[in-house]
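Secondary and tertiary structure notes
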Amino acid sequence: MQRGSSERELAARWDAEAAEGVRVDADAGAAGEPERKAGEKQAKDPAPTQPRAAEEGDARVLPRPPPTLPTSKPKPAPARGLCPHGKPRSKGPSCKRSSGRGSEQYRSQRPVTVDSSKARTSLDALKISIRQLKWKEFPFGRRLPCDIYWHGVSFHDNDIFSGQVNKFPGMTEMVRKITLSRAVRIMQNLFPEEYNFYPRSWILPDEFQLFVAQVQMVKDGDPSWKPTFIVKPDGGCQGDGIYLIKDPSDIRLAGLLQSRPAVVQEYICKPLLIDKLKFDIRLYVLLKSLEPLEIYIAKDGLSRFCTEPYQEPSAKNLHHIFMHLTNYSLNIHSGNFVHSDSASTGSKRTFSSILCRLSSKGVDIKKVWSDIISLVIKTVIALTPELKVFYQLVIPAGRPGPTCFQILGFDILLMKNLKPILLEVNANPSMRIEHEQELSPGVFENVPSLVDEEVKVAVIRDTLRLVDPLKKRRENHFPDIYMDRKHRFPPVSDRISTSKLHLSKLSVVRSQQLEGPLAAKEDPSESELAIASDGNPNPEAQLPSICLKQVFPKYAKHFNYLRLVDRMANLFIRFLGIKGTMKLGPTGFRTFIRNCKLSSSSFSMAAVDILYIDITRRWNSVTLDQRDSGMCLQAFVEAFFYLAQRKFKMLPLHEQVASLIDLCEYHLSLLDEKRLVCGRSGTLGGRPPYSGTPQEAAPAAPLAEGNLPPCTDKLSHARHALS
């Protein structure tokens, strides 16, 4: 039997297994008989044209013809040298239909499938990554489920019930400038020293009067203080609508600000300069999981340079955007912008080349990286509480749905003293690997950007490797192949000097791959994707080491004390009661107070209702989300701060909050234990435990104080242990 024929036979078996949804007993002997019958039939009749298989098609392919039922014809005697199932005889173990190893081996070797039908951006980098991994792409979608769904903008599919999606629900909303500023501000109230990497911010127009008053107060205390502020529209991107001011009266309040809220921040006047130019850093961060929290940082990033020598802000240069704003989309229109294929020159360079240059001047690069890693982890910790609320809204617990991961773009500025400052977080960082070059006035052409290609292709490819759903299965079947390959591939820093040669080769390969008809480039053969060309079933055998470094939970013990708001979010979600909502109603808030035993003679339930109404009304007037009424997470956090300060008066705020969280979790653990014991006693007594709809099973009904069942006398030992 020829190798090509056996690979086609293997591909046909994968196709049949996925299309029919039946567990195939992949026995090599069972494959021999149909192949021999097909050979005999081919000798008599010419082979008809076969339609495209469902595994290789898209939504426009024709339906598969119905399978032909086998007849009760007696099986011919096996050919000489074959076993009764048509398998060549050998000294190895005989073929047995009861063995399931063959089926597992087929599944371990099948390619990972990627649905890219909604990937509006980063298509070139994604296609290169999929080809390097020998995976299979479905650019027009697929009727059958895929392993990975790659979306271009945000998570917007509610009909995906399995697999993995490269977007988290709510991430786009969470990293908007106003929402990010509020999330970081909460953490700055709790831990001001740990979160001093984010400039002080005010939200406009809601906090305009507060902004004016605080600036005037500082000026009165220090007349020599001459600050500069930067105004950023909330939904702006690529530098759109950003401008600098010297005084609050310079803010453009008329009309535009009312329809387009913004954030005003202190401007960093003393940035680190290279070649007398201001620059920022775009680092790529992979949020692999929310629960448990997993964070990876790319070992290399991009440095985007201004195109006009930097001077501290003054009335004369305040409007020079090419001097003060590092946005690539702005500076590319400057006459001084330099396109370069070198990683260490031009207006866009690799971050590793900047680190090498700083290292040559005696800078402690490990300290710089350590500060950046700390900034990234702390920022993600500030974002995750509300992300959990969004996640339970779209994918409630207990309901089938996909798991999520996402690549984020962190924009970081290094100050002159090398302290990193967070500028913003991008939910959809650009993954383009080409740039526009003006050939003549008004005539542009897309030219490959080798610097972008080196960084971005590696980030996408290695993200896919980390979320590979079949990796563990392949490791179990081929443990000898998955070995430590670090000695074969030098680290990124050692490859900087050869980056130009590597990028040139990569660009040639990419241009060759993207040529030809659409069907040919989107539907490579199954045999090419199933097994590497050298026969190695590990598609990563020839790839470099992964460029993404895990930083959490690797360094979790240094940052877990910061996750107080995360624990508050867990309390908030617990008392939402009804799935599919993001706001806590008055009944849920009262149940929270009652179950955590936070009311007293000096703080009655009437006072609880007043607190709820006051805080909820204020937050509903300033938030953009008016889909439903109730208390949002940030309003709940404010109420929680008030309760903590009321109950633990002599402690710092973060200790007050931590003490109240411990108290709430303790009382809720007792209630959970009561529910567990009562459920067991109900089962032993012949009555089934409580069951009902989520609305009926709200925490208030079975666990409210004063309505506890008479089984609490069995809990003295449990209470003693928990205390």
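To keep things clear, this report deals only with the structure shown in the data block. Fair warning: this is a prediction, and the values are worked out from it, not measured in the lab.

Thoughts on the overall build of the protein
Regarding its fold elements, the protein presents 24 helices and 19 strands. Counting all 723 residues of the protein, 48% fall into the buried class.

Quick look at the side chain of T113
Turning to its location among the elements, T113 is positioned in strand β1 (residues 113–118). Residue T113 is classed as buried on the basis of its relative accessible area, which comes to 6%. Among the polar contacts made by the side chain of T113, one reaches the main-chain amide nitrogen of D147 at a distance of 3.0 Å. Sequence-distant contacts of T113, that is, excluding residues within four places in its chain, are made with K136, F138, R142, P145, C146, D147 and I148.

Comments concerning helix α4 (residues 123–133)
Counted residue by residue, α4 has nine buried out of 11 residues, so it is predominantly covered. The complete set of buried residues in α4 reads A125, L126, K127, I128, S129, I130, R131, Q132 and L133. Immediately beyond the C-terminal end of α4, within one or two residues, lies K134, with a positive phi of roughly 60°.

Focus: the nonpolar core
One finds F410, F589, F592 and F640 to be the most contacted residues of the largest nonpolar core, which totals 107 residues. The biggest single contributor to this core is helix α12 (residues 365–394), with 15 residues. Grouped together as the second largest cluster of nonpolar side chains are 34 residues, I128, M431, L464 and L470 included.

Examining the packing of aromatic side chains
This model, assessed by the stated rule, comprises 18 aromatic pairs. Note on F191 and Y561: the rings are 5.7 Å apart at their centroids and 90° apart in plane angle, and the pair reads as edge-to-face. Placement of the pair is F191 in the loop between α6 (177–190) and β5 (201–204) and Y561 in the loop between β19 (548–552) and α18 (564–574), with a sequence separation of 370 residues. Y561 gets classed as partly exposed once you look at its relative accessible area, which sits at 41%. Ring geometry for Y195 against F197: centres 5.4 Å apart, planes inclined by 40°, an arrangement best described as tilted. Given the relative accessible area of 5%, F197 is considered buried. Put simply, the rings of F572, F575, F589, F592, Y612, F636 and F640 touch in pairs and so form one group of aromatic residues. Its guanidinium or amino end placed over the ring of Y328, K348 lies 3.6 Å from that ring's centre, counting from NZ or CZ.

Quick notes on the pairing of strand β12 (residues 302–305)
Both faces of β12 are covered, namely the face carrying L302 and R304 and the face carrying S303 and F305. Judged from the three bridges that link them, β12 and strand β13 (residues 348–350) form a sheet pairing that is antiparallel. Of the residues in β13, the one forming a bridge with R304 is K348.

Focus on the sheet that holds β1
Overall, parallel pairing links the five strands, which are arranged β2-β1-β3-β4-β14 in an open sheet. Either end of the sheet is taken by a strand with one partner, and the two such strands are β2 (136–138) and β14 (403–404).

So, the sheet that holds strand β8 (residues 262–266)
One open sheet accounts for four strands, arranged β5-β8-β6-β7; its pairing is antiparallel. Here the strands that pair on one side only, and so sit at the sheet edges, are β5 and β7 (243–245). Neighbour-to-neighbour, the strand axes of the sheet open up by a mean angle of 25°, direction not taken into account. Across five bridges, strand β6 (residues 229–233) lies against β8 in antiparallel orientation. Looking across to β8, one finds that V231 is bridged to V264. α6 rests against β5, β6 and β8 of the sheet, and its axis sits at about 135° to β5. Packing against the sheet, helix α7 (residues 208–221) makes contact with β5, β6 and β8, and its axis sits at approximately 145° to β5.

A few points about the pattern of salt bridges
Here the structure, examined in full by the defined rule, presents 28 salt bridges. For the salt bridge of K127 with E137, the shortest nitrogen-to-oxygen distance reads 3.0 Å. On the criterion of sequence distance, the pair formed by K127 in helix α4 and E137 in strand β2 is long-range, its members being 10 residues apart. With a shortest N-O distance of 2.8 Å, K270 and E312 are connected by a salt bridge. Taken together, the residues span a long stretch of sequence, with K270 in the loop between β8 and β9 (273–274) and E312 in the loop between β12 and α9 (321–324) at a distance of 42 residues.

Focus on unusual backbone geometry
Cis peptide bonds are those with omega within 30 degrees of zero, and the linkage from L204 to P205 qualifies with 5°. By secondary structure assignment, the location of P205 is in the loop between β5 and α7. The backbone of D275 shows a phi angle near 55°, a positive value even though the residue is not glycine. The residue D275 is located in the loop between β9 and β10 (277–289) in this model.

Side note on the packing of helix α19 (residues 586–595) against helix α20 (residues 605–622)
How two helices sit against one another is set out by the angle between their axes and by the gap between those axes. Contact geometry for α19 and α20: axes closest at 10 Å, N-to-C directions at 130°. The pairing of α19 with α20 is recorded here as oblique in orientation. Handedness of the α19/α20 crossing: right-handed. Across from P586, F589, R590, I593 and R594 in α19, the residues of α20 making contact are M605, V608, D609, L611 and Y612. Taken together, the residues of the contact of α19 with α20 break down into seven nonpolar, no polar and three charged.

A word on the environment of K246
Summarising the element assignment, K246 is placed in the loop between β7 and α8 (256–259). Under the relative-accessibility criterion, K246 is labelled partly exposed at 26%. For K246 and P227, which are 19 residues apart along the polypeptide, the C-alpha to C-alpha distance reads 6.3 Å. Contacts of K246, omitting those with residues within four sequence positions, involve K219, K226, P227, T228, F229, P313 and L318.

Brief notes about the environment of D240
One can find D240 in the loop between β6 and β7. For D240, a relative accessible area of 44% puts it in the partly exposed group. Spatially, the C-alpha atom of D240 lies 8.7 Å from that of L330, the residues being 90 residues apart in sequence. Setting aside anything within four residues of it in sequence, one finds D240 in contact with P233 and R260.

Observations concerning the pairing of strand β11 (residues 294–298)
Of all five residues in β11, five are buried, a share of seventy percent or more. Where β10 lies against β11, four bridges are found, and the strand directions are antiparallel. Bridging from a neighbouring strand, V285 pairs with I297 of β11. Between β10 and β11, which pair antiparallel in sequence order, lie four residues.

The rules we used
- Residues numbered from 1 in each chain as written.
- Predicted model: local features only at pLDDT ≥ 70, side-chain atom pairs only at ≥ 80, totals over all residues.
- Heavy atoms only, no water.
- Helix = DSSP H or I, 4+ residues; strand = E, 2+ residues; numbered from the N terminus.
- Buried < 20%, exposed > 50% of the residue type's maximum accessible area, 1.4 Å probe, protein only.
- Polar contact = N/O pair within 3.5 Å; in protein donor to acceptor, adjacent residues only side chain to side chain.
- Contact = heavy atoms within 4.5 Å.
- Core = buried A, V, L, I, M, F, W, Y, C linked by side-chain atoms within 4.5 Å.
- Phe/Tyr/Trp six-rings, centres within 6.5 Å; stacked < 30°, edge-to-face > 60°.
- Lys NZ or Arg CZ within 6 Å of the ring centre and 35° of its normal.
- Pairing = 2+ DSSP bridges.
- Axes fitted to C-alpha atoms, helices over the stretch in contact; angles between N-to-C directions.
- Salt bridge = Lys/Arg side-chain N within 4 Å of Asp/Glu carboxyl O.
- Parallel < 35°, antiparallel > 145°, perpendicular 65-115°, else oblique.
- Left-handed = near helix turned anticlockwise from the far one by under 90°.
- Nonpolar A, V, L, I, M, F, W, Y, C, P; charged D, E, K, R; others polar.

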